[in-house]
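Chain residues, written in single-letter form:
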Amino acid sequence: MTSTADKLADLRERLERAQDPGSERSRARRDEAGRSTPRQRIAALLDEGSFVETGALGKTPGDPDAIYSDGVVTGHGRINGRPVCIYAHDKTVYGGSVGVTFGKKVTDIMDLAIKIGCPVIGIQDSGGARIQDAVTSLAMYSEIARRQLPLSGRSPQISIMMGKSAGGAVYAPVTTDFIIAVDGEAEMYVTGPNVIKEVTGEEISSHDLGSARQQELNGNVSVVVPSEDEAFDLVRDLLDHLPLTCFDESPVFDAPSDDEVAEDTELDSFMPDDTNAGYDMMDLLTQLGDDDDLIEIQENYAPNVITAFGRIDGKAVGFVANNPMHSAGCIDADAADKGARFIRICDAYNIPLVFVVDTPGYLPGVDQEKAGLIHRGAKFAFAVVEATVPKVSLIVRKAYGGAYAVMGSKNLTGDINLAWPTAQIAVMGSAAAVVMIAGKQLEAAETPEQRAMTKKMFMDFYDETMTAPYVAAERGYLDGMIKPSESRLALRRALRQLADKQEKDLPKKHTISPL
């Protein structure tokens, strides 16, 4: 008869083998590359000693040579004292590919997150489907994807891309709220270079096809970071701006008093006198919130629109701002997609939106029409109207045409609209208006000098009478004209006033967004 002591020894031995169960060769390859184990990665992210592993002894059923963990480590723990569920691929076991036990472990931990209401974090480093498992592997991918829907918009889902991920291993991450990729390590693609070459004859390196930087430019990555440690720091910072579920409050942090932010005289000289001069909008955003610790999402994708998390009055806000340093702050098709998705994320998690406006309009051009600016631009407007969170707009300079409307205008459901005296609000800018309105006078000019003078006179008149913010203020489209130095306090007061805002849609199954 086996004694209890023998059974305990057997358990200890099994659990020890499960700690790093990959083959000696695969572990050596990992160590030589300087990569950490999945358990080390989890330990580096979570609060010390908080991780509780589930399914450590899971392995492929019916296979006498099956390896513990089946290629994934799952469990739950805490980040800054708040609960999270987590899983991390183990590249040393079946290449981190998805098999039946792998899928069962991940879906179980996702089910737990759905039950208790907490974020799910996936540390991705996977070869994709386990080919030898055929339809079983595909079924597990589908089971994982099916659980992303009840979590979507209910609890934050974050993917950290640590290595090469292909096929199904990229579909799941791209469905999560945020994708953080480690530069030089992460690669993402539906089909790898070898398959592409075999099927289409195209030759490309895996780096050029799916590196973190390339996928950032493709719009598939939220943030690229230089290292694993910085990825974990970013996840912790990001979660500090998000609730556990859409029914909970986001964390509240200490903030300066109203007296401390009442007058920031530097902002009175922030805006260049030249209305066409560029400036970096991020320099302004860092002065509107509590501090300059902003988390910019998709920084290098459609940089003409900035989407970033910050804090005002100690509470999380989402900034949506035009950046005059890129395409003069015009909204193009990519920027519309970027803005719409960020707005939906903020709305889902009850994070107020602050629009900071300086845009000459939607970007014109044949390429933009081909890119679907009509329906993609409409998605932006649709997302703004659909959002029920507090929406405050601050117009600092240009606010022209449809781009003015979608940047939180009162007529498109913005709650409070404020403007600096440098604001310009009109259907279009004077350069375009002179062609539309004074085209005949320009054609009638006898000399280039007369044409230039006529154009300048019209543009000056148009800027003074048609774009002045007081026209909008007189008609009730602005709630307040403020000095730039009053901006921080004005935004605080606006968000406090809107803190208990409630808005409900008409009963229906769901909306249908533009194509």
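So, how was this worked out
Here the residue numbering is sequential within each chain, running from 1 through the sequence in written order. Totals for whole chains, interfaces and linings use all residues, but because this is a predicted model, local features are given only for residues with pLDDT of at least 70 and pairs of side-chain atoms are given and counted only at 80 or more. In computing side-chain properties, one takes all heavy atoms of the structure into account and sets aside hydrogens as well as water. UniProt positions are given in the numbering used here, feature names are shortened, and annotations may be inferred rather than shown by experiment. In this text, helices come from DSSP runs of H or I with a minimum length of four residues, and strands from runs of E with a minimum of two, each type numbered from the N-terminal end. In this description, contact between two residues means that some pair of their heavy atoms is separated by no more than 4.5 Å. Buried residues are those whose accessible area, probed at 1.4 Å on protein chains only, stays under 20% of the maximum for their type, while exposed residues exceed 50% and partly exposed ones sit between those limits. Every angle, taken between N-to-C directions, lies between 0 and 180 degrees, and every axis is a line fitted to C-alpha atoms, over only the stretch in contact when it is a helix. Convention used here: angles under 35 degrees read as roughly parallel, angles over 145 as roughly antiparallel, angles from 65 to 115 as roughly perpendicular, and any remaining angle as oblique. Each residue is assigned to one class: nonpolar for Ala, Val, Leu, Ile, Met, Phe, Trp, Tyr, Cys and Pro, charged for Asp, Glu, Lys and Arg, and polar for all the others, Gly among them. As annotated, the domain borders come from an automatic or database domain assignment. Using a 1.4 Å probe, buried area is obtained as the accessible area two parts lose upon being combined, added over both of them. Salt bridge criterion: a side-chain nitrogen from Lys or Arg within 4 Å of a carboxyl oxygen from Asp or Glu. Two strands are said to pair when DSSP picks up at least two bridges between them. We call a crossover right-handed when, viewed with both strands directed away from the observer, the connection leading from the first strand over the helix to the second proceeds clockwise.

Under an unreviewed UniProt entry, the name given to the protein is Acyl-CoA carboxylase, beta subunit, and the organism recorded is Corynebacterium aurimucosum. For the record of the protein, the UniProt heading Sequence similarities (unreviewed entry) holds the text "Belongs to the AccD/PCCB family."

Help me out: how do you make sense of the side chain of Ser487 in this one?
Examined against the element boundaries, Ser487 turns out to sit in helix α21 (residues 487–497). Among all residues touching Ser487, those that are not within four sequence positions of it are Leu267, Leu288, Leu394, Trp420 and Ile482.

Could you clarify how one ought to interpret unusual backbone geometry in this entry?
Among all residues save glycine, negative phi is the norm, and among peptide bonds the norm is trans. Phi angles above zero are rare outside glycine, and Ser69 is one such case at about 85°. If you trace the backbone, Ser69 turns up in the loop between β1 (52–54) and β2 (72–79). For Asn350, which is not glycine, the phi dihedral falls at a positive 60°. Checked against the element boundaries, Asn350 lands in the loop between α13 (333–348) and β13 (353–359). Judged by its relative accessible area of 44%, Asn350 falls in the partly exposed class.

Explain the packing of helix α4 (residues 100–116) against helix α5 (residues 135–151) to me, please; I cannot follow it from the model alone.
Each pair of packed helices can be described by the angle between their axes along with the distance between the axes. Remark: α4 packs on α5, axes separated minimally by 9 Å, with the N-to-C direction vectors making an angle of 10°. Considering their axes alone, α4 and α5 lie roughly parallel with respect to each other. Each of Val100, Gly103, Lys104, Val106, Thr107, Met110, Asp111, Ala113 and Ile114 in α4 lies in contact with α5, whose residues at this interface are Thr136, Met140, Glu143, Ile144, Arg147, Gln148, Pro150 and Leu151. Partitioning the contact of α4 with α5 into residue classes produces nine nonpolar, four polar and four charged.

Explain the domain arrangement of the protein here, please?
It is common to give the size of an interface as the accessible area that goes away when the parts come together. The assigned domain composition of the protein is domain 1 (49–240) and domain 2 (265–428 + 468–498). Centre-to-centre, using C-alpha coordinates, domain 1 lies 34 Å away from domain 2. Of the roughly 1,200 Å² buried at the junction of domain 1 and domain 2 (both faces included), carbon and sulfur atoms supply 56%. Where domain 1 meets domain 2, there are zero salt bridges.

Help me understand the environment of Val406, please; the structure alone is not making it clear to me.
Looking at the secondary structure, you find Val406 in helix α16 (residues 401–406). With 51 residues separating them along the chain, Val406 and Phe355 place their C-alpha atoms 9.6 Å apart. Those residues in contact with Val406, other than ones at most four positions away along the chain, are Ile331, Phe355, Tyr362, Phe380, Ala381, Val384 and Leu412.

I would appreciate a short explanation of the pairing of β13 in the present structure.
Put simply, side chains in a regular strand alternate between the two faces of the sheet. For β13, a buried count of seven out of seven residues is recorded, marking the element as mostly surrounded by other parts of the structure. Residues Leu353, Phe355, Val357 and Thr359 line one face of β13 and the alternating positions Val354, Val356 and Asp358 line the opposite face, and both faces are buried. The pairing of strand β12 (residues 315–322) with β13 spans four bridges and is parallel. Looking at the pairing, Gly318 lines up with Leu353 of β13. With respect to chirality, the unit in which β12 leads through α13 into the neighbouring parallel β13 is right-handed. Here six bridges tie β13 to strand β14 (residues 391–400), and the two strands are oriented parallel to one another.

Which parts of the structure should I look at to understand the side chain of Gln148?
Within the fold, Gln148 resides in helix α5. Gln148 gets classed as buried once you look at its relative accessible area, which sits at 4%. For Gln148, the residues in contact, after removing those within four places along its chain, are Met110, Gln157, Ala172, Thr175 and Thr176.

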